[in-house]
Amino acid sequence: MGNRKTMPAAFIKIKGHQCHLKKAILGMVFSLCSKYKIRKGNGRAESHFCSAITVYIMCGIIGYTGNSCASPKITKGLSVLEYRGYDSVGIAAANENEISIIKCKGRITSLEEKLSDSLLQESHTAIGHTRWATHGGPSDTNAHPHRVGDVVLVHNGIIENYMEIKKELTESGVKFSSETDTEVAAAWINRCYCNLKDPIPAIREACSRFTGSYAFAIMFENLKGEIYAIRRGSPLILAEGKDGYYLASDITALLPFTPKYHILDENSIACLKSNEIKIFSDSKDACIPEWKITSITPEAAQKGGFSHFMLKEIHEQPEAILKSVSPRIINGLPDFSGDGIHGDFWKKIKNIQIVACGSATHAGLAGGYFLEKLAKIPTSSYIASEYRYTPPIATDGTLVILISQSGETADTLAALRYAKAHNIPTLAIVNAVETTIAREADYKIYTYAGPEIAVATTKGYCTQVSVLYMIAVAIAHQKGDISDQTAKELVENISQGAPKAISHILSQRNILTEIAKKLYRHEHVFYIGRGIDFHICAEASLKLKEISYIHSEAYAAGELKHGTISLIENDTPVIAIVTENRLYEKTESNLREVKSRGADVILICRDDISSDNHSTDSVLTIPSTSDVASVFAAIAAVQIIAFDAALLRNCDIDRPRNLAKSVTVE
Ligand code: F6R
């Protein structure tokens, strides 16, 4: 029997002691469970968890040419890109005589030290790179930039056929010093440049040989003061400042210098000089970029008084939900006409396939729940990397919804292209504006969460769920399944209720910290739930494991006893989420099952549940103003629990090991 104690503010807490879980039995099972499998049943997606996160890969590129000294700009830009994760860093800068390269394994501070007594500081043209190792481990040699002959370049992405090109080049006498695909790309571009003597045709010719994805920033020894850029499948943005021209792989790296940007089209080549910039496409004459002004302020990409970006972003959620939902409310009703999606569009939808990766998949699962419950639309959720291989069955009236915070995730993009190639209508829910997924989908809905810097998504996920909820209400309303009055109430629950419920939970930080204290010394934690709570558990579990490195699994509460319950030992933390009162009794039985096997049971439930039971050691109650408000309160609670557990374990929360912010390779 647990020893519950009543605490103020409707929170009941805690049996204070912790105990380490024995490791032995579990290790084997976890390695078997390293996949998150979503099974299609008659329209409903079901999940089996033990999810291991896909490796995220995305290096960072910044380049500048103009009237000012380049290296402070490059190091500044690189430090803004730090959050994406990297293990080596480098810069190439042109001076009168040559292009010099400084690069090293490690952090930007090491690069700055090397730069401090170098002539590179005076250069006005430079490119820089943060590398997250793929082909070849993290080392000084594998770090970018790479130089071969006249070519010096940095690269994001992966050249998939680099081995065959390397073999050909090696046979003709080219020597390589690194293990990277990037050095091979440099050598191939150099070969084309030696033959053609003109950078634009040389780059075009070279890139026509590459398969895979790339964004290159390239300098040529005899063209000092110039930077060339091309991309396919990896983002690259050009920018105009008062003192010259810039390029970067991420708009946040440009914010300290200028708000004026242009997204380079795939396969177009940009040439940046100190006083002019031109874009060369296959079909048109050279043109100058059409500049846009970003509304993202440099402050939005700073911590704003919080200790971590993740904490800041968790606290931004009430406002972020408002920003994503309110442009889609007219006269209190859901209305996506501002996104170019009108009522008739929703009426034609017969079934939905949601495709995404990681947390965005979890958002899709939660959204699918709303779509089936409110709009009665059969909805299947797919992991993007699996979508093409399932293969998905589309009928007349199928809509594919792609979800992506970054808008650049390679697997999600590949799924989008697959759906388009099969003539299935596509709708992208994306945060980062004008990114590839947003641009290529037939329809797009931006979540307007603002820049998300922490690697672990919070406000990105939260706003994805809120947009899907709004879509569910819109479809239900358009189909005539719910009255105006009900639709208005549901909309108000998300636009007013959810932000308030999140704020309320965030004001209870000390209580959430107490729960984190119960977890942080353990190696294994279980989250269990039913219905939508099972999907929230999936996200809760992913958040915990990715930032605190505590192994965690999410289970459908009723599924535990079919095997996994054998892992429960004395003091194993089991956290149950119950935001649906109708499911409380069933989950409560499952809590008894684990309690009787010694689990330390933590229950997160609505404050209107009369939970007079003896199966829990601690209870965290969340506001019960509406079903959806409770869901968002639970989401915020588990995010803070993960954050605090990671803090207690001294983890690098904003930059968890092995991870970077977006994954632009499959
Ligand atoms: C986890 C996380 C990832 C992303 C996933 C998809 O905290 O952030 O699981 O959700 O990599 O990324 P986007 O949404 O950018 O496509």
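For the structure, see preceding data.
Below is a short write-up of the structure. Everything quoted here is computed from the prediction, not taken from an experiment. (Residues numbered from 1 in each chain as written. Predicted model: local features only at pLDDT ≥ 70, side-chain atom pairs only at ≥ 80, totals over all residues. Heavy atoms only, no water.)

Turning next to the overall build of the chain. Across its full length, the chain holds 19 helices and 30 strands. Per-residue burial over the chain gives 63% buried out of 666 residues. A separation of at least 24 residues holds for 73% of the contacts in the chain among residues at least 6 apart in sequence. When the accessible area of the chain is evaluated, it comes to approximately 24700 Å², of which 50% is carbon and sulfur surface. (Helix = DSSP H or I, 4+ residues; strand = E, 2+ residues; numbered from the N terminus. Buried < 20%, exposed > 50% of the residue type's maximum accessible area, 1.4 Å probe, protein only. Contact = heavy atoms within 4.5 Å. Areas by Shrake-Rupley, 256 points an atom, 1.4 Å probe, with all protein chains shown as cover.)

What follows concerns the environment of Ser 234. Looking at where Ser 234 falls in the secondary structure, it is placed in the loop between strand S12 (227-232) and strand S13 (237-241). In the structure, Ser 234 is positioned 174 residues away from Glu 408 in sequence and 7.3 Å away in space, judged by C-alpha atoms.

Here the focus is the packing of helix H14 (residues 459-478) against helix H15 (residues 484-506). Packed helices, taken two at a time, are described by the angle between their axes plus the distance between the axes. Closest axis-to-axis distance for the H14/H15 pair is 9 Å, and the angle between their directions is 170°. Put simply, H14 runs roughly antiparallel to H15. Taken together, the residues of H15 that come into contact with H14 (itself represented by Cys 462, Ser 466, Tyr 469, Met 470, Val 473 and His 477) are Asp 484, Ala 487, Leu 490, Val 491, Asn 493, Ile 494 and Ile 502. Of the residues that constitute the contact of H14 with H15, the class distribution is 9 nonpolar, 3 polar and 1 charged. (Axes fitted to C-alpha atoms, helices over the stretch in contact; angles between N-to-C directions. Parallel < 35°, antiparallel > 145°, perpendicular 65-115°, else oblique. Nonpolar A, V, L, I, M, F, W, Y, C, P; charged D, E, K, R; others polar.)

An order of S7-S6-S8-S5-S14-S13-S15-S18 is seen for the 8 strands of this open sheet, with the pairing classed as antiparallel. Where the open sheet ends on each side, the last strands, each with one partner, are strand S7 (99-105) and strand S18 (292-293). Two strands pair when backbone bridges link them, and strand S5 (residues 60-66) and strand S14 (residues 244-248) are joined in this way by 5 bridges, in the antiparallel orientation. The residue of S14 that forms the bridge with Gly 66 is Gly 244. Sitting on the sheet, helix H2 (residues 71-81) touches S5, strand S6 (88-94), strand S8 (125-131) and S14, and the angle it makes with S5 is about 155°. Across the sheet, helix H3 (residues 108-116) lies against S6, S7 and S8, angled at about 140° from S7, the strand it touches most. (Pairing = 2+ DSSP bridges.)

Okay, helix H8 (residues 317-325) next. Within the span of H8, buried status applies to Gln 317, Pro 318, Ala 320, Ile 321, Ser 324 and Val 325. Across the axial projection of H8, the buried residues extend over an arc of 165°, all falling on one side. The secondary structure elements touched by the buried residues of H8 are helix H7 (309-315), strand S19 (329-330), H14, H15 and helix H19 (627-648). (Arc of directions from axis to C-beta.)

The topology assignment puts Trp 291 in the loop between strand S17 (277-280) and S18. Taking the C-alpha atoms as reference, Trp 291 lies 5.8 Å from Lys 260; in sequence the two are 31 residues apart. Ignoring sequence-local partners within four residues, the contact set of Trp 291 consists of Leu 238, Ala 239, Glu 240, Tyr 245, Lys 260, Tyr 261, His 262 and Ile 277.

Attention shifts here to the pattern of salt bridges. Two side chains that carry opposite charge are able to pair once their charged atoms sit near each other. One pass over the full model with this rule turns up 33 salt bridges. The shortest N-O distance in the salt bridge between Glu 226 and Lys 273 comes to 3.9 Å. Residue Glu 226 is located in the loop between strand S11 (212-220) and S12, and its partner Lys 273 is located in the loop between strand S16 (269-272) and S17; the two are separated by 47 residues in the primary sequence. Classification of Glu 226 by relative accessible area gives buried; the value is 14%. Looking at Lys 273, the relative accessible area reads 26%, which means it is partly exposed. Residue Glu 276 is joined to Lys 273 by a salt bridge in which the shortest nitrogen-to-oxygen separation is 3.7 Å. Judged by relative accessible area, which is 30%, Glu 276 ranks as partly exposed. Ionic contacts of the salt-bridge type, sharing partners, join the residues Lys 373, Glu 580, Arg 582, Arg 606, Asp 608 and Asp 627 into one network. (Salt bridge = Lys/Arg side-chain N within 4 Å of Asp/Glu carboxyl O.)

Attention shifts here to the sheet that holds strand S23 (residues 398-404). Ordered by their spatial adjacency, 5 strands build an open sheet running S22-S21-S23-S24-S25, and the pairing between neighbours is parallel. In this open sheet, the two strands that pair with only one neighbour each are strand S22 (379-383) and strand S25 (443-446). Each strand of the sheet is rotated relative to its neighbour by a mean of 20°, with strand direction disregarded. In the sheet, strand S21 (residues 351-356) pairs with S22 via 5 bridges, with the strands oriented parallel. Along S22, the bridge assignment pairs Val 355 with Tyr 382. Relative to the sheet, helix H12 (residues 410-421) contacts S21, S23 and strand S24 (426-430), its axis offset from that of S23 by approximately 160°.

Attention now moves to the nonpolar core. Among soluble globular proteins, nonpolar side chains are generally buried collectively. Ranked by size, the top nonpolar core spans 100 residues in total, and within it Trp 346, Ile 471, Tyr 527 and Phe 632 carry the most contacts. With sequence-adjacent residues up to four places away left out, Phe 632 is seen in contact with Ile 321, Cys 462, Val 465, Ser 466, Ile 494, Ala 498 and Ile 502. The next biggest cluster of nonpolar side chains, apart from the first, holds 31 residues, and it includes Tyr 162, Ala 185, Ala 186 and Phe 210. (Core = buried A, V, L, I, M, F, W, Y, C linked by side-chain atoms within 4.5 Å.)

This paragraph deals with the packing of aromatic side chains. Summed over the entire model, instances satisfying the criterion amount to 16 aromatic pairs. Seen from their ring centres, Tyr 245 and Trp 291 are 6.4 Å apart, and the 15° between their planes marks the pair as stacked. Linking Tyr 245 in strand S14 with Trp 291 in the loop between S17 and S18, this pair joins segments that are 46 residues apart in sequence. Overall, the relative accessible area of 24% leaves Trp 291 in the partly exposed class. Judged by centre distance (5.8 Å) and plane angle (80°), the rings of Tyr 387 and Tyr 418 are edge-to-face. On the criterion of sequence distance, the pair formed by Tyr 387 in helix H11 (residues 384-387) and Tyr 418 in helix H12 is long-range, its members being 31 residues apart. The buried category is assigned to Tyr 387, whose relative accessible area is 0%. Ring pairs connect the aromatic residues Phe 336, Phe 345, Trp 346 and Tyr 443, which therefore count as one cluster. (Phe/Tyr/Trp six-rings, centres within 6.5 Å; stacked < 30°, edge-to-face > 60°.)

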